[in-house]
Amino acid sequence: MLIRWTELSYPDLGAYRDQAAVMINFASTEQHSLHLPVGTDAFLGAAVTERAAELCHRPVLLLPQVCFGYSPHHRFAPGYVTMPQHLLKEYAVSICENVIANGFSQMFLVNSHGGNQVYLSAAVNEIGEKHGTEFQLRELQYWDVARERISAIRESELGGMGHAGEFETSMMMYLRPDLVQEEKIVPCGPVAERPWFQKDLLGSKAYQRFHRFDEDNREGHIGQPQLATAQKGKAFFESVTEELARFLDYFD
Ligand SMILES: [Zn+2]
């Protein structure tokens, strides 16, 4: 059950303290190649968290999303608003501490932008260190709970589903077709596999490095947007929202 934090009066909100989980989406604002808007991660993050909360059996209080993230890898193209990681980590910790002070005992941080992963993990550790494990805090990238179902739907090989590739483009075609400029899609092959580092939404990376997002395609995408369809977007969207709802209900 979706309940928007900002739409409740304070007595109504307080009444949820014992039963509701709090959820918030951390997104970003940055280039998504020539065919998608710079707000793609925010549009997808909002749609996924709202729908997953609706599908949940338990009440889920949804906080307003955070639209700015860590995106210096995208500075080659206009449209980014990137923040330093230490500020974002402090901001995330502060939001969590407010939720704790409001009397809630469980919270989910749902990430819709890979670049946020490092500071969000640091925030989870810091909250655990300061407040213990009684406050149940979990962080995840929304696609990670649906890896098997996404793999079954995708047509691209590994390397075809990264930034603004088959997955994100399909979901935007389904959710916001008005914002997708299909005629501007630049087709390309899957990103060539590098040893120990697979550039794909579901790829494994044995090491960390900093990379600009125009190093594979100068347009800024990673993966194969030409394989995207609205029908596939519907299937991806249903998979990630159903699996995220299952995840949220599991910890009830
Ligand atoms: Zn994205």
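Look up a bit, the structure's there.
Residues numbered from 1 in each chain as written. Predicted model: local features only at pLDDT ≥ 70, side-chain atom pairs only at ≥ 80, totals over all residues. Heavy atoms only, no water.

> I'm lost on the overall build of the protein in this one. Help?
Assigned secondary structure in the protein consists of seven helices and five strands. Starting at the N terminus, the α and β elements of the protein follow one another as β-α-β-α-β-α-β-α-β-α-α-α. Scaling as 2.2 N^0.38, a compact globule of 252 residues should have a C-alpha radius of gyration of about 18 Å, and the protein matches this with 18 Å. The dimensions of the protein, computed from C-alpha atoms along their principal axes, are 55 × 35 × 30 Å. Considering the protein as a whole, with its 252 residues, one finds that 53% of them fall into the buried category. Long-range contacts, defined here as pairs at least 24 residues apart, represent 80% of the contacts in the protein between residues at least 6 apart. Per element, the accessible surface of the protein, about 11,700 Å² overall, is 51% carbon and sulfur. Separation of charge centres in the protein, based on 22 positive and 33 negative side chains, amounts to 3 Å. (Helix = DSSP H or I, 4+ residues; strand = E, 2+ residues; numbered from the N terminus. Rg over C-alpha atoms; globule rule 2.2 N^0.38 Å. Buried < 20%, exposed > 50% of the residue type's maximum accessible area, 1.4 Å probe, protein only. Contact = heavy atoms within 4.5 Å. Areas by Shrake-Rupley, 256 points an atom, 1.4 Å probe, with all protein chains shown as cover. Lys, Arg positive; Asp, Glu negative; His and termini not counted. Charge placed at Lys NZ, Arg CZ, Asp CG, Glu CD.)

> Got a minute to help me understand the coordination of the zinc ion in this structure?
Reference values for coordination geometry: four tetrahedral donors around a metal ideally subtend 109.5 degrees, six octahedral donors ideally subtend 90 or 180 degrees. All of the protein donors around the zinc ion are His32 (NE2), Asp41 (OD), Glu168 (OE) and Glu168 (OE); their distances to the metal are 1.9 to 2.6 Å. When the donors of the zinc ion are listed by position in the chain, the intervening gaps give H-x8-D-x126-E. A relative accessible area of 0% places His32 in the buried class. (Donors = N, O, S within 2.8 Å, 3.2 Å for Na, K, Ca; no water.)

> Would you explain the packing of aromatic side chains in this entry?
Given two aromatic rings, their pairing is described by the distance between the two centres and the angle made by the two planes. Enumeration according to the criterion identifies 11 aromatic pairs in this entry. On the numbers, 5.0 Å between centres and 75° between planes, the contact of Tyr142 with Trp143 is edge-to-face. An identical accessibility class is assigned to Tyr142 and Trp143; each is buried. Between the NZ or CZ atom of Arg138 and the centre of the ring of Phe251, over which it lies, the distance is 3.7 Å. When the ring centre of Phe197 is taken as reference, the NZ or CZ atom of Arg209 above it lies at 5.5 Å. (Phe/Tyr/Trp six-rings, centres within 6.5 Å; stacked < 30°, edge-to-face > 60°. Lys NZ or Arg CZ within 6 Å of the ring centre and 35° of its normal.)

> I tried to follow the side chain of His35 on my own but got confused; where do I start?
Inspection of the secondary structure puts His35 in the loop between strand E2 (21-26) and helix H2 (40-55). For His35, the side chain forms a polar contact with the main-chain oxygen of Ala164, separated by 3.4 Å. At 3.0 Å, the side chain of His35 forms a polar contact with the side chain of Thr169. If sequence neighbours within four positions are ignored, His35 has contacts with Ala164, Thr169, Leu179, Val180, Gln181, Lys184, Ile185 and Pro225. (Polar contact = N/O pair within 3.5 Å; in protein donor to acceptor, adjacent residues only side chain to side chain.)

> I keep staring at the pairing of E2 and nothing clicks. Help me out?
Each regular strand displays side chains that alternate between the two surfaces of the sheet. The buried count for E2 comes to six of six residues, which makes it a mostly enclosed element. A two-sided burial pattern is seen for E2, the buried positions comprising Ala21, Met23 and Asn25 on one face and Val22, Ile24 and Phe26 on the other. Bridge count for E2 against strand E3 (residues 60-62) is three bridges, and the pairing is parallel. If you follow Val22 over to E3, its bridge partner there is Leu61. You can see the chain leave E2, run along H2 and come back into E3, and the turn it takes is right-handed. Bridge count between E2 and strand E4 (residues 106-111): five bridges; the pairing is parallel. Each residue of the ladder has a partner; that of Asn25, found in E4, is Val110. (Pairing = 2+ DSSP bridges. Right-handed = clockwise from strand over helix to strand, strands pointing away.)

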